[in-house]
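# Notes for the structure review
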Amino acid sequence: MDKKHEKSTGLHLNYEIITKIIEENSKILDLGCGDGTLLKMLIERKNCTGSGIEIDQKNAISAIEKGLSIIQGDIDEGLQDFSDNEYDYIILNQTLQSTEKPDYVIEEMLRAGKKAVVSFPNFAYWKVRFYLFFKGKMPKSDLLPFEWYNTPNIHLLTIKDFFEFCKKRNIKILKEVYLNNSQIISNFRTKWHKNLFAQEAIFVISQ
């Protein structure tokens, strides 16, 4: 299996997991929705309603061509146009690490949404640690494929970081899903194991 296929398979699993998490008939907002693939899956499979926000014009147009309601905008500017608890779920999938103000973005998600789904690549994954230790260069992987000078990821974080972030702000973690090599891993016993062996994490959180 080539790396391109591995990456698409991992992304497909990510979408499948989030689609299973979201309840039927939910009102959703997908932040950094890309070309709208996940949003369309949720509308078609779970009878959801909602819209997406995407900063990239090409992606936004692609999502609109899918018949989706898309706002072209910057989520770092907040969600001032949305009222408190307007959505059942607000999704931030593989986008947290590329925001300029991740703490503010999450704060706004939990204000405008009853629940939030947040996923990100785990920078403490053991292969990433080994890459940095042995090669002395910024790590690259399927989830972190960029060079240091052109990466959109400006706030890389770990699972441990996210737990500490939630604890400091009294944010409830309602569900955790961990992925490694495009597979769900469910036998982690401690946060230390999760932080070391999970390549990607998906959290459902609320106030």
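Everything discussed here concerns the structure shown above.
These notes cover the structure that comes with them. (Residues numbered from 1 in each chain as written. Predicted model: local features only at pLDDT ≥ 70, side-chain atom pairs only at ≥ 80, totals over all residues. Heavy atoms only, no water.)

### Details of the sheet that holds strand S1 (residues 27–31)
Heads up, the rule is: For two strands to count as paired, DSSP must find a minimum of two bridges between them. Secondary structure elements follow DSSP: runs of H or I of four or more residues count as helices, runs of E of two or more count as strands, with numbering from the N terminus. A fitted line through C-alpha atoms serves as each axis, taken over the contacting stretch for helices, and the angle formed by two N-to-C directions is quoted from 0 to 180°. Here a residue-residue contact requires only that any non-hydrogen atoms of the pair lie within 4.5 Å.
Spatially, the 8 strands line up as an open sheet ordered S3-S2-S1-S4-S5-S8-S6-S7, and their pairing is mixed. Each having just a single partner strand, strand S3 (70–72) and strand S7 (183–185) make up the two edges of the open sheet. Averaged over all pairs of adjacent strands, the angle between strand axes in this sheet comes to 20°, irrespective of strand direction. For strand S6 (residues 172–180) and strand S8 (residues 200–206), the ladder comprises 7 bridges, and the chain directions are antiparallel. Of the residues in S8, the one forming a bridge with Ile173 is Ile205. Contacting strand S5 (113–121), S6 and S8, helix H6 (residues 159–168) crosses the sheet at an angle of about 10° to S8.

### Thoughts on the pairing of S1
Applicable threshold: Between buried and exposed lies partly exposed: a residue is buried under 20% and exposed over 50% of the maximum accessible area for its type, with that area taken using a 1.4 Å probe on protein chains only.
Burial of S1 is extensive: 4 of the 5 residues sit out of reach of the surface. Bridge analysis of S1 against strand S4 (residues 87–93) gives 4 bridges, and the strand direction is parallel. Considered in S4, the bridge of Leu29 is made with Ile90.

### Considering the pairing of S4
What counts, and what does not: We call a crossover right-handed when, viewed with both strands directed away from the observer, the connection leading from the first strand over the helix to the second proceeds clockwise.
Most of S4 sits inside the fold, with 6 of its 7 residues counted as buried. Two elements, S4 and S5, share 6 bridges in a ladder whose sense is parallel. Residue pairing for S5: Asn93 is matched across the bridge by Ser119. Crossover handedness for the path S4 to helix H4 (residues 102–112) to S5: right-handed.

### Points about the pattern of salt bridges
For side chains of opposite charge, pairing can occur when their charged atoms come near one another. The following threshold applies: One side-chain nitrogen of Lys or Arg within 4 Å of one carboxyl oxygen of Asp or Glu is enough to make a salt bridge.
Counting across every chain of the model gives 9 salt bridges. The closest approach of N and O atoms between Glu23 and Lys115, which form a salt bridge, is 3.9 Å. Taken as a pair, Glu23 in the loop between helix H1 (3–21) and S1 and Lys115 in strand S5 lie far apart in primary sequence, 92 residues in all. For Glu23, a relative accessible area of 40% puts it in the partly exposed group. Residue Lys40 pairs with Glu44 through a salt bridge whose shortest N-O separation is 3.1 Å. Of this pair, Lys40 and Glu44 both sit in helix H2 (residues 37–46), 4 residues apart, which is roughly one turn of that helix.

### Re unusual backbone geometry
Although it is not a glycine, Asn25 sits at a positive phi angle of roughly 65°. Structurally, the position occupied by Asn25 is in the loop between H1 and S1. Within the chain, Asn85 stands out as a residue other than glycine whose phi angle is a positive 55°. Counting through the fold element by element, Asn85 comes out in the loop between S3 and S4. Judged by its relative accessible area of 43%, Asn85 falls in the partly exposed class.

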